[in-house]
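# Summary of the model geometry
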Amino acid sequence: MIPLAELQDIIDASGAAPRVEAMLPVGVRARQLTVRTLLAGMCLAQADHRPAHLTRVHQALVSLSEGDQWRPGVITDWKQGPHLLTYRQTEYAFGLVAAALGKDEPDGLPSQALQAVCDDLLEASVPEEFTDASASLAVDWTDLESFSRPPPAKGGDCADPKASRGHRKNNLLRSEDELFYGYYASAAIMMPGENGPAAPELARRATLSSCRHDPVRAFVPVLTSMPGQGIPLGGC
């Protein structure tokens, strides 16, 4: 289990939390769950190999030690006494963030703002001593099934309309592709350059796209934006 403090250091180094916080509407009463703590909860859930469900994020936060719950506001003082963060509060804060980083007309690709947040968080996770270890990247994609069933064959709504039907290689002896409903997850991992020194295999970029989009075309803009962010590209 990765300590909460380490995840908070990455989130703070990325600068993503205050940037997203500034995009959210200001209510009459301050939200108990800040963007910083929400991101920490999401990281905790994934670091503990939990499914990426919002209920697991809330569970990860309320399962922290009492001291770790007080500091980020999972427990806070209300008029009636200490108040433990509820799932409903978690759902509300996540909804605000999703709306702020989403697109007015979803097309199966992340918005520029959402991709920038993901880029900054991943880059901040690379230890400073390894940021210039190699400019070479290994790039690939994999299938990621949606939690939702596909839309009915005769048409109609489903729980995840942004997803789409895609093809993946099966593990059987025959060579046919297998259909699935969901997304393509693409990632770029640092690799040693040709005849270069050893380098740790750290994730530098990632994106998620609906299967209605070619994963290669969807990932190219993420990679080509790296030099503009001061990160040179070697071989891919």
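These figures come from a predicted structure and were not determined experimentally. (Residues numbered from 1 in each chain as written. Predicted model: local features only at pLDDT ≥ 70, side-chain atom pairs only at ≥ 80, totals over all residues. Heavy atoms only, no water.)

Bringing the pattern of salt bridges into the picture now. Counting across every chain of the model gives 12 salt bridges. Linking Asp120 and Arg19 is a salt bridge whose minimum nitrogen-to-oxygen distance equals 2.7 Å. Here Asp120, found in helix α7 (residues 112-124), pairs with Arg19, found in helix α2 (residues 16-21); they are 101 residues apart in sequence, far enough to count as distant. On the basis of relative accessible area, Asp120 is assigned to the partly exposed category, the value being 26%. According to the relative accessible area criterion, Arg19 is partly exposed, its value standing at 35%. Ionic pairing is found between Arg204 and Glu123, a salt bridge with its closest N-O pair at 2.7 Å. (Salt bridge = Lys/Arg side-chain N within 4 Å of Asp/Glu carboxyl O. Helix = DSSP H or I, 4+ residues; strand = E, 2+ residues; numbered from the N terminus. Buried < 20%, exposed > 50% of the residue type's maximum accessible area, 1.4 Å probe, protein only.)

Attention now goes to unusual backbone geometry. One non-glycine residue, His49, adopts positive backbone phi at about 60 degrees. On the secondary structure map, His49 appears in the loop between α3 (35-47) and α4 (54-62). Of the residues examined, His49 reaches a relative accessible area of 74% and is grouped as exposed. Located in the positive-phi region is Asn195, a residue other than glycine, with phi close to 60 degrees. On the secondary structure map, Asn195 appears in the loop between β5 (177-191) and β6 (203-210).

These figures come from the coordinates and say nothing about function on their own.
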